[in-house]
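Structural overview
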Amino acid sequence: MNIIFVKHGELYSSDHVNLLYNKLSIYYPHAIFWCYTENPYNICSEVNIIPVLIKPTLKKWWNKLALFSNDMPFEGECLFFDLDMEIISDPSSFITDYTKLTIINAYYKNELCFEHHAYNVKINSSIIAWTHGGQQHIWDKFLINKDYYMRKYAGIDRFLVHENIMINTFKDGIVNSVANKLYENAPVNMYNGISYSL
Amino acid sequence: MELVTLYKNALKCIDNIYRVSQYDADTDMFRIPDIINATNDSQIQSKQWLVDELSKITTEQPSWIVVAGSWYGCLGPLLADAYGEDVRIDLCDIDPHCKKIGRDLLKDIGGDFRFKTADALEWFISRLDKVSILINTSCEHMERDDVKFMVQLKNPDTIIAFQSNDYTSVMSHINTSPNLEDFIDYLNLDEVLWSGTLPHPHKNYNRFMVIGK
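Residues numbered from 1 in each chain as written. Chains lettered and ligands numbered in written order. Predicted model: local features only at pLDDT ≥ 70, side-chain atom pairs only at ≥ 80, totals over all residues. Heavy atoms only, no water.

Some remarks on the pairing of strand E6 (residues 102–105) of chain A
Residues and elements named next belong to chain A. As defined by bridge partners, E6 adjoins strand E7 (residues 123–131) across 4 bridges and the pair is classed as antiparallel. Within the sheet, the bridge partner assigned to Asn 105 lies in E7 and is Ile 123. The pairing of E6 with strand E8 (residues 168–169) spans 2 bridges and is parallel. Bridge pairing in E8 links Thr 102 to Asn 168. (Pairing = 2+ DSSP bridges. Helix = DSSP H or I, 4+ residues; strand = E, 2+ residues; numbered from the N terminus.)

This is the structure we're talking about:
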């Protein structure tokens, strides 16, 4: 079992990684923790560091797609968390199937209608579950025309949906979006870009 | 006059994409703003700037020009206008759709344009001895090591005309330069024949250009 974070750039610090580790290691005591980062300074020693790939050079959230590469050192089940997530209680009852690529359903967008060419989506990749080795095709597809995809899509969620990647969603209630509160008893609060003080 | 044809072709292309989209839900509508961006004033201005300065420096008629990262090939007509319709111009881009769209945009424009879908570095490496001029107006989109490798591998007589910028907020700009000096420095040419900066007319960023050997 692998639990993975991505820390790229200056928006989040080692404190965010360490706090998530401290909380999640309670509920996943046997997991191997990883952080994919170019700056491992002050990340606690219990979190294994994966240096950011020399190539391709990617910015911000696009680095998350590298986690699907077979070159990553994971074995078996993989669980990713964005760094602006607050663990309130044990999320494992919601995260049971790693055989398919599973992502949060953005419940706060359920009632919205989007034109196809707006490329908006109703998923949120702040938590992702998958099995290592099973999603290399995502990384391969991205690499074929990455420059175009980064122009066309505002983020990886839109890329995943509109490039027809097979996606499952977690049962609603796994997260409570702080900006759109509905699931007050959710095990995870999701700040989704809102300023988040530790 | 060739620019008028280019714009007319762009409008036809966009019209066709829209018409197809009415029957095919999988039509890539993003190609519409992408084509508009490729032919906008600032893009054409920066490419005309390249051709204007390059043509002052080149004393011999080139036989073979390679444009790395050519997008939809809008530089092609400007090069053909400056150097004649007989010079071979390879327009190389890794995006597989650039070839079809590029051919539509350059339809009825005189010139020996050859669209290639390939990694620009790999394409250039296999033709090192034959290329008179190597152009790259997309350095900010490419790995710095790959850009440097192109310069290191080239024939000493091949002239390069490269552009980059300091527009860091764009996600696909993975290799910007903070200033012209940084761009000149990492290219590490044997001889810089010309260098300069072109501020964007409306946005707060600069385009840099270096011509040399």
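There is more to say after this.
Topic: the packing of aromatic side chains
Residues and elements named next belong to chain A. Under the defined criterion, the tally for this structure stands at 20 aromatic pairs over all chains. A ring pair is formed by Tyr 107 and Tyr 108, whose centres lie 5.3 Å apart and whose planes are at 80°; its orientation type is edge-to-face. Both residues of the pair, Tyr 107 and Tyr 108, count as buried. Ring geometry for Trp 139 against Phe 142: centres 6.0 Å apart, planes inclined by 25°, an arrangement best described as stacked. (Phe/Tyr/Trp six-rings, centres within 6.5 Å; stacked < 30°, edge-to-face > 60°. Buried < 20%, exposed > 50% of the residue type's maximum accessible area, 1.4 Å probe, protein only.)

What about the pattern of salt bridges?
The final tally for this structure, using the stated rule, is 16 salt bridges over all chains. Note that B:Asp146 is salt-bridged to A:Lys55, the shortest N-O span being 2.5 Å. Of this pair, B:Asp146 sits in helix H7 (residues 144–153) while A:Lys55 is found in the loop between strand E3 (47–51) and strand E4 (77–81), placing the two residues in two different chains. What makes B:Asp146 buried here is its relative accessible area of 15%. By relative accessible area, A:Lys55 is classed as partly exposed at 40%. The closest approach of N and O atoms between A:Asp147 and A:Arg151, which form a salt bridge, is 2.8 Å. Here A:Asp147 pairs with A:Arg151, and both are found in helix H3 (residues 146–152), just 4 residues apart, close to one helical turn. Here the salt bridges share partners, and the residues they tie into one network are A:Lys152, B:Asp28, B:Arg31 and B:Asp95. (Salt bridge = Lys/Arg side-chain N within 4 Å of Asp/Glu carboxyl O.)

Examining the interface of chain B and chain A
Taken together, the 20 residues of chain B in the interface contact 18 residues of chain A. Buried surface at the junction of chain B and chain A, both sides included, amounts to about 1700 Å², of which 52% is carbon and sulfur. Considering only the side of chain B, the residues that lose the most area to chain A are B:Phe30, B:Glu143 and B:Met171, jointly responsible for 39% of the buried surface there. Joining chain B to chain A, the criterion identifies 3 salt bridges. With a shortest N-O distance of 2.8 Å, B:Asp34 and A:Arg151 are connected by a salt bridge. On the surface where chain B and chain A come into contact, there are 14 residue pairs in polar contact (both at pLDDT 80 or more). Among the residues forming the side of chain B that touches chain A, the class breakdown is 9 nonpolar, 5 polar and 6 charged. (Contact = heavy atoms within 4.5 Å. Buried area = accessible area lost by both parts, 1.4 Å probe. Polar contact = N/O pair within 3.5 Å; in protein donor to acceptor, adjacent residues only side chain to side chain. Nonpolar A, V, L, I, M, F, W, Y, C, P; charged D, E, K, R; others polar.)

Examining the sheet that holds strand E6 (residues 192–199) of chain B
All names here are of chain B. Pairing is mixed in the open sheet, where 7 strands are placed in the order E3-E2-E1-E4-E5-E7-E6. The two strands at the open ends of the sheet, each matched to only one other strand, are strand E3 (112–117) and E6. The average undirected angle you get between the axes of adjacent strands in this sheet is 15°. (Axes fitted to C-alpha atoms, helices over the stretch in contact; angles between N-to-C directions.)

Things to note about the confidence of the model for chain B
Mean pLDDT over chain B works out to 95, with 100% of the residues at or above the 70 mark. We note a pTM of 0.94 for the whole complex and an ipTM of 0.94 for its interfaces. (pLDDT = per-residue confidence, 0-100.)

Focus: the sheet that holds strand E2 (residues 32–37) of chain A
Residues and elements named next belong to chain A. Pairing is mixed across the open sheet formed by 7 strands, whose spatial order is E3-E2-E1-E4-E7-E6-E8. Each edge of the sheet is formed by a strand with only one pairing partner; in this case those strands are E3 and E8. In terms of strand pairing, strand E1 (residues 2–7) meets E4 through 3 bridges, oriented parallel. Counterpart to Asn 2 in the pairing with E4 is Cys 78. Strands in contact with helix H1 (residues 14–27) are E1, E2, E3 and E4; relative to E1, the strand with the most contacts, it is inclined by about 165°.

Quick word on helix H2 (residues 136–144) of chain A
Residue and element names in this part refer to chain A. If you check which residues of H2 are buried, you get Gln 136, Ile 138, Trp 139 and Phe 142. For H2, the angular spread of the buried residues around the axis is 160°, confining them to a single face. Taken together, the buried residues of H2 touch H3 and helix H4 (156–162). (Arc of directions from axis to C-beta.)

Points about the environment of B:Val151
Residues and elements named next belong to chain B. Relative to the assigned elements, Val 151 resides in helix H7. According to the relative accessible area criterion, Val 151 is buried, its value standing at 9%. Along the sequence, Val 151 and Gly 212 sit 61 residues apart, while their C-alpha atoms lie 9.9 Å from each other. Ignoring anything within four residues of it in the chain, the contact list for Val 151 reads Phe 162, Leu 187 and Leu 189.

Describing the packing of H7(B) against helix H8 (residues 180–187) of chain B
All names here are of chain B. Look at H7 against H8: their axes get within 9 Å of each other, and the N-to-C directions meet at 55°. Judged on the interaxial angle alone, H8 and H7 are oblique. On the side of H7, the interface is formed by Arg 144, Val 147, Lys 148 and Val 151, while H8 contributes Asp 182, Tyr 186 and Leu 187. Considered class by class, the residues forming the contact of H7 with H8 number 4 nonpolar, no polar and 3 charged. (Parallel < 35°, antiparallel > 145°, perpendicular 65-115°, else oblique.)

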